Amino acid sequence: SSPGHFWLDHFVLDEARRRGIPSVCIVLSWDNLYSRGPLCRRPDRLLVWSEEMRRQAIEVHQFPAERIAVTGPLQFLYYDGPVTSAEAAAMRTHVGLGPEEPYLAYVCGSRTAEYDVEDVLAMIEQLAGGPFARLRIVVRPHPQGSRAAYERLLEHGVRLDRSPDLTSERTRPEAIDVGAIRHMASLLDGARFVVSSWGTTALLEACIFDTPSVQLRWMDSVPHSLPDQVRMVRDFQRYIHMRAFDETGATLARWFANIE
């Protein structure tokens with residue numbers, strides 16, 4: 001499933017090579033060629049999402065260009081069809097939204113729960129009295145992240161979209177099945193806009209549905225209690241793969257000017 005980023009894949013790739021069986025792997029997410037370290041095993045063919053990722057594979061990992069194919073993000077295959085009225089209604093029931101209640105979706109990182117909560121509380125204050133004050137805030141914890149911190153948002157009128165908890169031993173990987181994927185599609189499709197403090201892939205997923213998205217970069221203008229999480233968010237802004245976004249000039253001020 002991965003070019004050696006998951007250690008169990010090493011056994012499969014090693015055995016395939018020993019038996020002379022060709023191997024094909026796909027890079028699982030848009031940042032993995034920078035954020036997951038070296039390719040510990042080299043498949044015969046590497047599948048990537050985009051031309052930008054092809055460039056990363058060649059320049060960062062010296063992977064042969066003739067063995068790379070651009071396929072798009074295959075895990076988004078089930079986002080292809082339009083969201084049905086039944087799917088949208090089921091999502092709203094699950095989250096606790098009214099049939100026509102407008103909302104924004106805040107999508108979380110996997111390691112920054114307290115930072116997320118503090119940014120959401122600051123966002124509530126900023127939205128009050130403004131053009132988006134009527135929007136219900138729906139917070140979706142990351143499936144691989146802690147979720148206890150988000151519970152205190154309930155007293156502020158926030159709705160939680162309780163994603164499958166992959167940190168629990170009771171949750172099997174197949175919990176994220178087609179139904180769960182279509183639920184996420186419904187959440188992103190119906191949102192007025194999607195917000196995150198972390199550069200989670202969900203911000204890119206929102207683009208599939210032409211839903212505006214924004215990454216908050218409030219940094220020190222909002223008090224944050226955990227230095228480790230502050231450092232992770234700051235370090236993320238320096239990731240090489242963020243440069244393509246920064247070069248577009250897609251700043252928060254411009255985004256608000258456009259959406260209003």
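Sequence order as written defines residue numbering, which begins from 1 separately in each chain. For a predicted model such as this one, the threshold for reporting local features is a pLDDT of at least 70, and the threshold for listing and counting side-chain atom pairs is 80 or more; totals across whole chains, interfaces and linings nevertheless cover every residue. As a rule here, side-chain values cover all heavy atoms of the structure and leave hydrogens and water aside.

Asker: Is there a simple way to think about the packing of aromatic side chains in this case?
Answerer: Each aromatic ring pair is described using two quantities: the centre-to-centre distance and the angle formed by the ring planes. Centres within 6.5 Å are what make two rings of Phe, Tyr or Trp a pair, Trp counting through its six-membered ring; a difference in plane orientation under 30 degrees is then read as stacked, over 60 as edge-to-face, and the rest as tilted. Scanning all chains against the criterion turns up 6 aromatic pairs. Ring geometry for Trp-198 against Phe-236: centres 4.7 Å apart, planes inclined by 35 degrees, an arrangement best described as tilted. Of this pair, Trp-198 sits in the loop between strand S7 (194-196) and helix H7 (201-208) while Phe-236 sits in helix H8 (residues 227-237), placing them 38 residues apart in sequence. Using a 1.4 Å probe on the protein chains alone, a residue whose accessible area is under 20% of its type maximum counts as buried, one over 50% counts as exposed, and one in between counts as partly exposed. Judged by relative accessible area, Trp-198 falls into the buried class, the value being 12%. These aromatic residues form a ring-pair network of at least three members: Trp-49, Phe-76, Tyr-79 and Phe-209. Numbering of helices and strands starts at the N terminus; helices are DSSP runs of H or I of at least 4 residues and strands are runs of E of at least 2.

Asker: Please explain a nonpolar patch on the surface as it appears in this structure.
Answerer: A cluster of nonpolar side chains, contributed by Trp-7, Leu-8, Phe-11 and Val-12, occupies part of the molecular surface with about 500 Å² of accessible area. Structurally, Phe-11 is set in helix H1 (residues 7-19). By relative accessible area, Phe-11 is classed as exposed at 54%. Patch rule: a residue counts if its relative accessible area is over 30% and it has no salt bridge; like charges are joined within 9 Å, and nonpolar side chains (Val, Leu, Ile, Met, Phe, Trp, Tyr) within 5 Å. For the accessible areas, the method is Shrake-Rupley and the probe is 1.4 Å, while residue cover comes only from the protein chains on display. Note on definitions: salt bridges are taken to be side-chain nitrogens of Lys or Arg within 4 Å of carboxyl oxygens of Asp or Glu.

Asker: Please explain H8 as it appears in this structure.
Answerer: Because an α-helix packs 3.6 residues into every turn, residues spaced three or four apart end up facing the same way. Along H8, the residues that are buried comprise Gln-229, Val-230, Val-233, Phe-236 and Gln-237. The buried side chains of H8 occupy one side of the element, clustering within an arc of 125 degrees when seen end-on. By arc we mean the arc of the directions from the helix axis to the C-beta atoms, nothing more.

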